[in-house]
Amino acid sequence: MSATRRTIASADSIVVKIGSSALTSLVGGLDVGRLDALADAIEARMRAGSDVVVVSSGAVGAGLAPLGLTRRPRDLATKQAAASVGQLALAHAWGTSFARYGRTVGQVLLTADDIARRAQHRNAQRTLDRLRALRAVAIVNENDTVATAELRFGDNDRLAALVAHLVGADALVLLSDVNGLYDGDPRKGNATLIPEVNSPEDLDGVVAGSGGALGTGGMASKLSAARLASDAGVPVLLAAASEASAALQDASVGTAFAARPARLSARKFWVRHAADEQGILHIDEGAVCAVVTKRRSLLPAGITAVSGRFYGGDVVSLLGPGERPVARGVVAYDSTEINDILGKSTTELPPEMQRPVVHADDLVPL
Ligand SMILES: Nc1ncnc2c1ncn2[C@@H]1O[C@H](COP(=O)(O)OP(=O)(O)O)[C@@H](O)[C@H]1O
Ligand SMILES: N[C@@H](CCC(=O)OP(=O)(O)O)C(=O)O
């Protein structure tokens, strides 16, 4: 068994994310039998000594049938209405299912903003920690009814990876309707299962397709969540929900994604993945080479233009020639100040403007 699988099998703290496709169907809505089987596997792992946080999708899927809808809505308002009906049923079903073991559940609904802002971030962290200390299972989902199009996590795979970082989990288990990563969409036939992903090169040639009728992000969102978790030092197991018991007992099924050897610092992780970006610095090829290859600070001379209105301390995106995203970082000046100094060499500037625009310690190449 690989080192990654051993780490996942022995992890003290795990985030388990369950996709809509594993809990709901278009005709039948929420499948309580499947949910019970998942609760059984999670309870067994908790009894073996691990802490588990559950990220459960399925609110929209569970809300369709009660509202007489026969397919996943496209518009935000109907999706939010379905989620408000479905989340109630989903939380109730998890509560009833864990009650069979005398286990209490708590519902935690998060918006992207809660993770992007450090104060809310700490609040969510404290709630999850306290639920864990009280031996209750947190059932996390996106707060769909208030999340606007701009302020969405996008998909629960990403939310689960951010929660894994937030609670300092040792492993992330993504349970879906597919039993792992294939080199192409298995619904199109002739695809081969990839059991281990140890480096980005292992993904060369892999085609990550869209999801099913109820899923949101498909395989692409699972791969980017695995990358995000890897940056946080968290290995990922992608497996079928029908194999939850083996996935949680000894990580012997599915695809295992190794974490990078040195995790990003909490600050760099936040800059790269969690913070909202407030503006853009357009930089020339020389500056791209300085910040990405040589890992130097960004100086005013390499900046060609500024977009957006932001203040010192905000997170901005750095775009190279051709609008190519190359890095994110914490900017040291307000946008108006940068407009006055961009393109100038440091010696042309007054002493108080000679510090870098983004210090190397605050810069994370993408
Ligand atoms: N390369 C691939 N490997 C595995 N599954 C893939 C791949 N490309 C597309 N898929 C599809 O992605 C689906 C899982 O994504 P999704 O429906 O979003 O699941 P969930 O609801 O669990 O988040 C699978 O049903 C599978 O058909
Ligand atoms: N928050 C949404 C789930 C969004 C989502 O990412 O779904 P999925 O791709 O099935 O994990 C819901 O509960 O319906």
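Residues numbered from 1 in each chain as written. Chains lettered and ligands numbered in written order. Predicted model: local features only at pLDDT ≥ 70, side-chain atom pairs only at ≥ 80, totals over all residues.

A.B. asks: Explanation requested: the UniProt feature "binding site: substrate" (unreviewed entry) in the protein in the structure shown.
C.D. replies: In the numbering adopted here, UniProt assigns the feature "binding site: substrate" (unreviewed entry) to Ser-57, Asp-144 and Asn-156. Sequence-wise these annotated residues cover 100 residues; spatially they are packed, their C-alpha atoms never more than 10.9 Å apart. Along the chain, the position of Ser-57 falls in the loop between β4 (51–56) and α4 (59–64). Once residues lying within four places of it in the same chain are set aside, the contact partners of Ser-57 are Ile-18, Gly-19, Ser-20, Asn-141 and Asn-156. Once you skip the residues sitting within four places of it in the chain, Asn-156 turns out to touch Lys-17, Val-55, Ser-57 and Glu-142. (UniProt positions renumbered as here; feature names shortened; annotations may be inferred. Helix = DSSP H or I, 4+ residues; strand = E, 2+ residues; numbered from the N terminus. Contact = placed C-beta atoms within 7 Å.)

A.B. asks: What am I meant to see in the site of ligand 2 here?
C.D. replies: Close to ligand 2 lie 18 residues; Ser-20, Ser-57, Ala-59, Val-60 and Thr-216 are nearest. Looking at the shell around ligand 2, the elements that each hand over two or more residues are α2 (20–23), α4 and β6 (137–142). Here the shell around ligand 2 gets three residues from one element, more than from any other, and that element is α4. Partitioning the shell around ligand 2 into residue classes produces three nonpolar, 12 polar and three charged. (Near = placed C-beta within 6 Å. Nonpolar A, V, L, I, M, F, W, Y, C, P; charged D, E, K, R; others polar.)

A.B. asks: Just checking my understanding: could you explain the nonpolar core for this structure?
C.D. replies: Val-15, Val-54, Val-163, Ala-164, Leu-172, Val-173 and Ala-229 are the most contacted members of the largest nonpolar core, which has 106 residues in total. At seven residues, helix α8 (residues 156–166) tops the list of elements feeding residues into this core. Built from parts of two domains, this core gets at least three residues from each of domain 1 (3–268) and domain 2 (277–365). When near neighbours in sequence (up to four residues on either side) are disregarded, Leu-172 contacts Val-15, Ala-160, Ala-161, Ala-164, Ala-229, Val-234 and Val-236. (Core = buried A, V, L, I, M, F, W, Y, C linked by C-beta atoms within 7 Å. Buried ≥ 20, exposed ≤ 12 C-beta atoms within 10 Å, placed from the backbone. Domains from an automatic or database assignment.)

A.B. asks: I tried to follow the UniProt feature "binding site: ATP" (unreviewed entry) in the protein on my own but got confused; where do I start?
C.D. replies: The UniProt entry lists Lys-17, Ser-176, Asp-177, Thr-216, Gly-217, Gly-218, Met-219, Ala-220, Ser-221 and Lys-222 under the feature "binding site: ATP" (unreviewed entry), expressed in the numbering used here. Within the secondary structure, Ser-221 sits in helix α9 (residues 218–231). What makes Ser-221 buried here is the crowd of 23 C-beta atoms within 10 Å. Filtering out sequence-adjacent residues up to four positions away, Ser-221 remains in contact with Asp-155, Asp-157, Arg-158 and Thr-216. Turning to its location among the elements, Lys-222 is positioned in helix α9. Judged by C-beta crowding, with 28 C-beta atoms within 10 Å, Lys-222 ranks as buried.

A.B. asks: What should I look at first to understand helix α3 (residues 32–47) in this one?
C.D. replies: The periodicity of an α-helix, 3.6 residues per turn, causes residues three or four positions apart to be oriented the same way. The first and last C-alpha atoms of α3 sit 22 Å apart over 16 residues, in line with the 22 Å expected at 1.5 Å per residue. Of all the positions in α3, only Leu-35, Leu-38, Ala-39, Ala-41, Ile-42 and Arg-45 are classed as buried. For α3, the angular spread of buried residues about the axis comes to 165 degrees, placing them on one side. Seen from the buried face of α3, the exposed residues on the opposite side, beyond 90 degrees, are Gly-33 and Arg-47. Next to the buried residues of α3 lie β1 (13–18), α2, β4, α5 (76–99) and α10 (244–250). (Expected span 1.5 Å × (residues − 1). Arc of directions from axis to C-beta.)

A.B. asks: In this structure, what is going on with the sheet that holds strand β16 (residues 324–330)? I would like to understand it.
C.D. replies: The sheet built from five strands is open, its strands ordered β14-β13-β15-β16-β17 with mixed pairing. The open sheet has two edge strands, β14 (303–307) and β17 (363–365), and neither has a second partner. Strand-to-strand twist of the sheet, defined as the mean angle between neighbouring strand axes without regard to direction, takes the value 25 degrees. Pairing of strand β15 (residues 315–320) with β16 involves six bridges; the strand directions are antiparallel. Within β16, the residue paired with Gly-320 across the bridge is Arg-324. Set on the sheet, helix α12 (residues 285–293) makes contact with β13 (279–283), β15, β16 and β17; between it and β16 the angle comes to about 55 degrees. (Pairing = 2+ DSSP bridges. Axes fitted to C-alpha atoms, helices over the stretch in contact; angles between N-to-C directions.)

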